[in-house]
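Examination of the molecular architecture
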Amino acid sequence: MTQQPEKASQTTERFELGLYSFAEVTPDPRTGEAVSPGQRIRDLLEEIELADQVGLDVFGLGEHHRVEYVSSAPEVILAAAAARTKTIRLSSAVTVLSSDDPVRVFQRFASLDLISNGRAEIMAGRGSFIESFPLFGYDLNDYDVLFSEKLDMLLKLRASEFVTWEGEHRPALDHLGIYPRPLQNPLPVWVAVGGTPESVVRAASRGLPMALAIIGGMPERFTPFVELFRRSARSYGHAELPVSINSHGFIADTRQEALDDSFPAVQAVMNKIGRERGWSPMQRGQYEAAATLRGANFVGSPDDVIEKILFQHSLFQHQRFLLQLSVGTLPHAKIMHAIELFGTKVAPVVRAEIARRVATTAS
């Protein structure tokens, strides 16, 4: 049985809003205490359940293999979430495809798709950390070729039940059946991009939607990447493909509360990563600047976040926006309140305005 190719109708009918998480188990910077891994997963499942209840469209969970995170196997947690939710789409954010086996990735997400009644997605990427490469025996010198080869294999697996394939970094397949098959046909695959032209063209050439991470700098700097993606997709014969913008942020009743609540947690995480990568320590002034309209972070009141999403939509005309709540550890109750605000205050206004824009353009 051969699956049909990706359809041009992949562009979403309404603007999609969602969340993603890395499932941090870092200490709360205010108390110095960290919840247990088990408690963090229980809290995370409550967060996904609430996101579903307030009408958000997508929840993504990142794959990480570090002591700070509990999500080394996102599909397992997402499967638990599938049993507690009804409509929200469940995605990785990202699956580190370069250091994984595409057959097992496909099988795990096909299983998630069956459990969730057709709500699974794969967001494939090369990852923001490198711990998985030595962990699974891969050479960082093959960083780019691993991803390209394994992405092509993954797409072949989802296209056909029986697969013949040969590459450099995995044993060949000779007309072998791949099971189970997912409910969705085809199983959605997005490519996560951090802002390199090669990654943008790779997604476009394969006819895959692009998730563009904007976590620093002015958003206008990223418009050439979106334009390159759409231009490249057309050159390869693909119809309009969806674009997602993925960013950091936090929502509270007021802008000041959002800044005050989130900054210590973000500063602790970013400074730790910064020491590893040679970045300068984060200062409060930088954080506040990034939360302004033309900064990268979506930190503020519901009105602030609405304004910023709509501003970026005027730049990118994207079809999806995912917000990371939060970078670092915040009290579970504050995360739950932020999710409620996002779903009940932000989402309806954003969807209505973008629907109006799209209708106006179409006419």
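Note that the coordinates shown come from a computational prediction; the quantities given were computed from them, not determined experimentally.

**Quick notes on the packing of helix α6 (residues 197-205) against helix α7 (residues 223-235)**
Close contact between α6 and α7 brings their axes to 8 Å; oriented N to C, the two are set at 35 degrees. Where α6 crosses over α7, the handedness of that crossing is right-handed. Residue-level contacts link P197, V200, V201, A203 and A204 of α6 to F225, L228, F229, S232 and A233 of α7. For the contact of α6 with α7, the per-class residue count stands at 9 nonpolar, 1 polar and no charged.

**Some remarks on the environment of H175**
The topology assignment puts H175 in strand β7 (residues 173-177). A relative accessible area of 52% means that H175 is categorised as exposed. Those residues within four positions of H175 in sequence are excluded, and the remaining contacts are F162, V163 and T164.

**A short note on helix α1 (residues 37-53)**
The terminal C-alpha atoms of α1 lie 24 Å apart, and with 17 residues this matches the ideal 24 Å at 1.5 Å per residue to within 8%. Three or more residues of α1 are buried, namely R40, D43, L44, L45, E47, I48, L50, A51 and D52. Buried-residue contacts for α1 involve β1 (16-21), β2 (58-61), α2 (74-82), β3 (89-92) and α11 (332-362).

**Describing the pattern of salt bridges**
Overall, the coordinates contain 25 salt bridges when judged by the stated rule. The partner of R66 in a salt bridge is E68, with the nearest N and O atoms 2.9 Å apart. E68 matches R66 in its accessibility class, with the two residues each being buried. Between R108 and D100 there is a salt bridge, with the nearest N and O atoms lying 2.6 Å from each other. Take R108: its relative accessible area is 26%, and that puts it in the partly exposed class.

**Some remarks on the pairing of β1**
With 6 of 6 residues buried, β1 is to be regarded as a mostly interior element. Sheet topology places β1 next to strand β12 (residues 320-324); 5 bridges connect them, and they run parallel. Each residue of the ladder has a partner; that of L17, found in β12, is F321. Bridge count for β1 against β2 is 4 bridges, and the pairing is parallel. Counterpart to G18 in the pairing with β2 is V58. Note on the crossover from β1 through α1 to β2: the handedness is right-handed.

**Remarks on the packing of α1 against α2**
Remark: α1 packs on α2, axes separated minimally by 10 Å, with the N-to-C direction vectors making an angle of 50 degrees. Overall, the two elements α1 and α2 adopt an arrangement that is oblique. The handedness of the crossing between α1 and α2 comes out as right-handed. Of α2, the residues touching α1 (which contributes I41, L44, L45 and I48) are I77, A80 and A81. For the contact of α1 with α2, the residue count by class is 7 nonpolar, no polar and no charged.

**Let's talk about the nonpolar core**
Formed by 111 residues in total, the largest nonpolar core has its most connected members in L56, I309 and F342. Sort the elements by how many residues they give to this core and α11 lands first, with 10 residues.

**Re the side chain of E161**
Along the chain, the position of E161 falls in the loop between α5 (143-159) and β6 (162-165). Here Y179 takes part through its side chain, which lies 2.7 Å from a polar atom of the side chain of E161.

**A look at the side chain of K308**
Turning to its location among the elements, K308 is positioned in helix α10 (residues 302-316). Within the buried set, K308 has no salt-bridge partner at all; the shortest N-O distance to an opposite charge, 9.0 Å, is to E307. Polar side-chain contacts of K308 include one of 3.0 Å to the backbone oxygen of A290.

**Some thoughts on the packing of aromatic side chains**
A full pass over the atoms with the stated rule returns 8 aromatic pairs. On the basis of an interplanar angle of 45 degrees and a centroid distance of 5.3 Å, the ring pair of F263 and Y287 is categorised as tilted. Pair noted here: F263 is in helix α8 (residues 255-277) and Y287 is in helix α9 (residues 284-290), with a separation of 24 residues, a long-range link. What makes F263 buried here is its relative accessible area of 9%. A relative accessible area of 3% means that Y287 is categorised as buried.

Definitions and limits used
- Residues numbered from 1 in each chain as written.
- Predicted model: local features only at pLDDT ≥ 70, side-chain atom pairs only at ≥ 80, totals over all residues.
- Heavy atoms only, no water.
- Axes fitted to C-alpha atoms, helices over the stretch in contact; angles between N-to-C directions.
- Helix = DSSP H or I, 4+ residues; strand = E, 2+ residues; numbered from the N terminus.
- Left-handed = near helix turned anticlockwise from the far one by under 90°.
- Contact = heavy atoms within 4.5 Å.
- Nonpolar A, V, L, I, M, F, W, Y, C, P; charged D, E, K, R; others polar.
- Buried < 20%, exposed > 50% of the residue type's maximum accessible area, 1.4 Å probe, protein only.
- Expected span 1.5 Å × (residues − 1).
- Salt bridge = Lys/Arg side-chain N within 4 Å of Asp/Glu carboxyl O.
- Pairing = 2+ DSSP bridges.
- Right-handed = clockwise from strand over helix to strand, strands pointing away.
- Parallel < 35°, antiparallel > 145°, perpendicular 65-115°, else oblique.
- Core = buried A, V, L, I, M, F, W, Y, C linked by side-chain atoms within 4.5 Å.
- Polar contact = N/O pair within 3.5 Å; in protein donor to acceptor, adjacent residues only side chain to side chain.
- Lys, Arg positive; Asp, Glu negative; His and termini not counted.
- Phe/Tyr/Trp six-rings, centres within 6.5 Å; stacked < 30°, edge-to-face > 60°.

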